[in-house]
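# Breakdown of the fold
Below, each chain spelled out in residue letters.
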Amino acid sequence: MLFCEQCGVHVRGSLQRCPLCQSPLSGQKEENAYPALPPAKKPLRLILRLAALATVVVAVTCCAINFSLPKTGWWSVFVLAGLASTWLVLGVTVRKRGSPMKAIVWQLVTISAVTFAWDLCTGFAGWSLDFVLPIFIPCAQLAAVIVALALSMRPAEYLFCLSVCILSGLIPLVLLLCGVVGVIYPSVICVGISLVALAGVLLFKGKELRDDAVRRMHL
Amino acid sequence: MSDKNYLPWWRLDNAAKIFPSTSSAHDSKVFRFFCELKEDVDPAALQAALDKTMEMFPIYRCVLRRGWFWYYLEESPLPALTRPDELPPCFPIYPSPQRSLLFRVLHYRRRISLEIYHVLSDGAGALDFLRVLVYEYLCIRHPEDELSVNRVPVLGISDWQKETDSFQKYYEKPARRLASSPPAYQIPGNRLPKNQLSILEGSIPVKELLACARARGVTITELLTAVLLCSIYEGMSVRSRKRPVVVTVPVNLRNYFPSFSSRNFFAIIHVSYDFSRSDASLEAVLAEVKREFQERLAVDKLKAHVDSLCALEHNLPIRIVPLPVKDLVLRAANRIAAQAATVSFSNVGKLTMPEGFEKYIRQFGVLTCAGCLQACSVSFGDDFVITFASPYRSRETERVFFQELSRLGLAVTLTTNMNEEDDENAVL
């Protein structure tokens with residue numbers, strides 16, 4: 001054991017100097033009680049930073065070219081909006097990477113919102129509501145089922161997110177009834193699939209769904 | 001009775017309710033108990049011991065989940081695995097990208113460490129778990145000694161008693177509202193990079209410490225609290241002395257209200273000393289600390305304090321606030337509460353193991369992560385171990401504290417996690 005003459009304390013471990021007063025220690029060294037820690041590696045953070053830098057380079061270059069050639073129209077706005085949309089969806093996915101079910105729900109929400117915004121800002125041809133939403137919702141439902149099966153999740157882990165995906169399939173029904181949908185077939189199919197899925201969940205997992213609601217909503 | 005489709009879940013207890021909202025990378029609300037054996041730890045035997053221990057603590061097999069109004073604990077099939085001690089001490093358990101159990105069991109050379117997220121349990125509850133773990137481990141490693149003829153430390157305590165929320169059991173609607181405290185002196189200084197914790201353990205012979213405290217007519221906790229107050233005073237600038245120095249002391253309520261819960265059941269009392277108005281000698285501080293402890297530890301005072309905290313969670317308007325809003329409010333409340341404290345000192349007290357186990361165990365120790373300087377202590381056999389965990393680069397408070405103990409005639413043995421190579425890294 002080591003000893004510090006100045007402080008009058010014994011010191012364990014293999015230190016050169018007293019942890020209190022930093023004067024030299026006398027005596028026999030021992031093994032350390034705490035491991036020396038290797039520096040933490042965060043590869044994801046590096047990749048994301050590189051991607052962010054690349055995004056900035058592209059955005060700045062496009063804006064510079066567009067500014068120099070004003071006659072070509074304001075196309076750089078689309079580039080910026082495209083990059084922003086990509087980062088929004090990517091960011092949600094990275095944040096929710098630990099729970100794939102949540103990632104599916106968040107992707108459904110962000111992608112639907114982003115495509116609707118694009119549609120709205122480019123003259124509202126209606127393609128986001130006619131095609132993207134009713135095709136994307138059943139895809140999310142299918143993805144949720146596949147993830148739940150592949151990771152052999154328990155009902156408590158997937159039921160809530162799956163229910164959100166299924167219930168969002170009723171949004172096209174509301175849109176149909178309001179008459180905002182132009183091409184109705186994708187929406188009709190989406191609503192049909194969602195109603196069947198809803199019936200399936202209620203019939204086979206109704207009790208678990210109720211239990212899950214009790215847990216999530218306890219006051 | 002077992003229903004395959006029923007998933008056990010638990011509400012958070014009153015003390016746990018604030019932790020998920022306020023845990024962060026620099027204040028992980030994780031604390032660590034370690035047991036240092038006299039021989040190197042065998043990972044396989046430790047895993048076997050952990051598997052046995054888990055059977056006795058069903059509530060440890062759970063994950064934390066977000067509800068709409070409150071967080072809750074839900075049983076999880078995740079395996080409880082031991083692993084080598086490779087993460088920084090008290091590394092955050094929640095939030096983390098991967099859903100995980102709320103504790104980890106680590107081993108490094110002779111040490112078995114148990115790190116627990118405060119949501120799951122407090123010090124006394126965690127200690128029950130660690131004692132059973134060490135008990136099972138030593139029984140596996142030394143079958144020839146027939147150690148297992150001695151009682152398991154928690155034998156006779158039912159699963160229900162272990163998982164019960166004792167705050168609920170003793171709650172009565174209080175008459176008085178919570179009083180706010182004035183801002184306390186904050187130790188200044190730069191933090192260590194990367195949310196590191198600098199750990200300094202001091203081991204003191206119990207007999208000497210007890211004799212030293214008895215000679216002054218105080219308890220060990222009172223003596224160490226007073227020495228801690230004086231060490232902080234040494235580092236104070238003259239102009240900052242107008243603020244009181246406040247030590248927060250967690251009190252194990254199991255000593256006042258019968259409970260065998262292995263979940264949270266503690267209250268925090270504030271012991272403050274105003275150096276601008278009073279004498280800075282150890283004797284003067286001791287007298288005041290003794291008076292404050294006696295005043296604050298009165299059962300009716302404790303009860304009133306706990307009831308006023310529990311009243312918040314029983315208040316319907318508060319209960320129906322959605323969780324994201326609660327998160328924001330609790331974070332703000334936590335910041336205000338942190339302003340009212342300078343340092344924290346938690347004496348877990350005397351720890352015992354069944355007969356025959358002492359000869360394999362060198363010492364127990366405890367440390368906790370927090371935004372400010374934290375001291376924790378536990379005694380086992382003839383070793384009283386007080387551990388400082390600090391996020392600051394400066395160790396002046398600890399230096400004065402241990403030098404003062406040494407001056408009082410106590411034999412102090414220090415252990416630290418900050419080796420010289422680390423110091424050089426810290427400078428970079």
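Residues numbered from 1 in each chain as written. Chains lettered and ligands numbered in written order. Predicted model: local features only at pLDDT ≥ 70, side-chain atom pairs only at ≥ 80, totals over all residues.

## Overview of the overall build of chain B
We apply this condition: Runs of H or I in DSSP of at least four residues are treated as helices and runs of E of at least two as strands, each being numbered from the N terminus. With C-alpha atoms as the basis for the radius of gyration, the globule rule is written as 2.2 Å multiplied by the number of residues raised to the power 0.38. This entry defines residue contacts through backbone-placed C-beta atoms, with two residues in contact when those atoms are within 7 Å.
On a plain count of helices and strands, chain B comes out with 13 helices and 15 strands. Taking 428 residues into account, the globule formula puts the C-alpha radius of gyration at 22 Å, and chain B, at 21 Å, falls close to it. For the C-alpha atoms alone, the extent of chain B along its principal axes is close to 65 × 55 × 45 Å. Partitioning the contacts of chain B with sequence separation of at least 6, the portion at a separation of at least 24 is 76%.

## A look at the environment of L151(A)
Residues and elements named next belong to chain A. Just so we agree on the cut-off: Residues with at least 20 other C-beta atoms within 10 Å of their own are called buried, those with 12 or fewer are called exposed, and the rest are partly exposed. The C-beta atoms themselves are positioned from the backbone.
Here L151 shows up in the loop between α4 (127–150) and α5 (155–168). L151 sits in the exposed class, given 12 other C-beta atoms within 10 Å. For the pair L151 and N66, spaced 85 residues apart in the sequence, the C-alpha separation amounts to 48 Å.

## What to know about the interface of chain B and chain A
Rule in force here: Polar here means any residue other than Ala, Val, Leu, Ile, Met, Phe, Trp, Tyr, Cys and Pro, which are nonpolar, and Asp, Glu, Lys and Arg, which are charged; Gly is therefore polar. Only when DSSP finds a minimum of two bridges between them are two strands counted as paired.
Contacts between the two partners involve 38 residues from chain B, matched on the other side by 31 residues from chain A. At the level of secondary structure, the elements contributing two or more residues to the side of chain B that touches chain A comprise β1 (9–11), β4 (71–75), α12 (396–407), β15 (413–416) and α13 (420–427) of chain B. With 5 residues, the single largest contributor to the side of chain B that touches chain A is α12(B). Per-class residue counts for the side of chain B that touches chain A are 15 nonpolar, 10 polar and 13 charged. Note: strand β2 (residues 9–11) of chain A against β15(B), 2 bridges, orientation parallel. From the neighbouring strand, H10(A) faces β15(B), where its bridge partner is T413(B).

## Overview of the nonpolar core
All names here are of chain B. Definition in use: Nonpolar cores are built from buried Ala, Val, Leu, Ile, Met, Phe, Trp, Tyr and Cys residues. These are joined into a set through C-beta atoms within 7 Å.
Ranked by size, the top nonpolar core spans 119 residues in total, and within it L102, L130, L133, L228 and L229 carry the most contacts. It is helix α3 (residues 123–141) that contributes the most residues to this core, 12 residues altogether. If sequence neighbours within four positions are ignored, L229 has contacts with V245, V247, Y273, V285 and V289.

## A word on the sheet that holds strand β7 (residues 111–117) of chain B
Residues and elements named next belong to chain B. Here is the rule we go by: In this description, a line fitted to the C-alpha atoms serves as the axis of each element, helices being fitted only across the stretch in contact, and the angle between N-to-C directions of two axes falls anywhere from 0 to 180 degrees.
The strand order across the open sheet formed by 5 strands is β5-β6-β7-β2-β12, and the pairing between neighbours is mixed. Either end of the sheet is taken by a strand with one partner, and the two such strands are β5 (82–84) and β12 (361–368). Strand-to-strand twist in this sheet, taken as the mean axis angle between neighbours without regard to direction, amounts to 25 degrees. Here 6 bridges tie strand β6 (residues 103–108) to β7, and the two strands are oriented antiparallel to one another. Note on β7: the bridge partner recorded for R104 is E115.

## Here's the deal with the pairing of β12(B)
Residues and elements named next belong to chain B. Within β12, 7 of the 8 residues are buried, which leaves it mostly tucked inside the rest of the structure. Alignment of strand β2 (residues 30–37) against β12, held across 7 bridges, turns out to be antiparallel. Each bridged residue has a counterpart across the sheet, and for R32 the counterpart in β12 is L367.

## Some thoughts on the sheet that holds strand β14 (residues 383–390) of chain B
Judged by pairing direction, the sheet is mixed, and its 10 strands sit side by side in the order β3(A)-β1(A)-β2(A)-β15(B)-β8(B)-β14(B)-β13(B)-β11(B)-β9(B)-β10(B) without closing on themselves. Here the strands that pair on one side only, and so sit at the sheet edges, are β3 (26–27) of chain A together with β10 (266–273) of chain B. Here strand β9 (residues 245–252) of chain B pairs with strand β11 (residues 343–351) of chain B via 2 bridges, running parallel. Looking at β11(B), one finds that V247(B) is bridged to V343(B).

## Quick word on the domain arrangement of chain B
All names here are of chain B. The condition that has to hold: For each domain, the first and last residues come from an automatic or database assignment.
What the domain assignment lists for chain B is domain 1 (9–150 + 159–170) and domain 2 (198–352 + 368–427). Computed over C-alpha atoms, the centres of domain 1 and domain 2 are 23 Å apart. In this complex, domain 1 contributes 38 residues to the contact, which on the side of domain 2 involves 35 residues. Listing elements by their share of the side of domain 1 that touches domain 2, those giving two or more residues are α1 (19–22), β2, α3, α4 (159–163) and α5 (166–170). When residues of the side of domain 1 that touches domain 2 are assigned to their parent elements, the largest contribution, 6 residues, is made by α3. Taken together, the residues of the side of domain 1 that touches domain 2 sort by class into 17 nonpolar, 12 polar and 9 charged.

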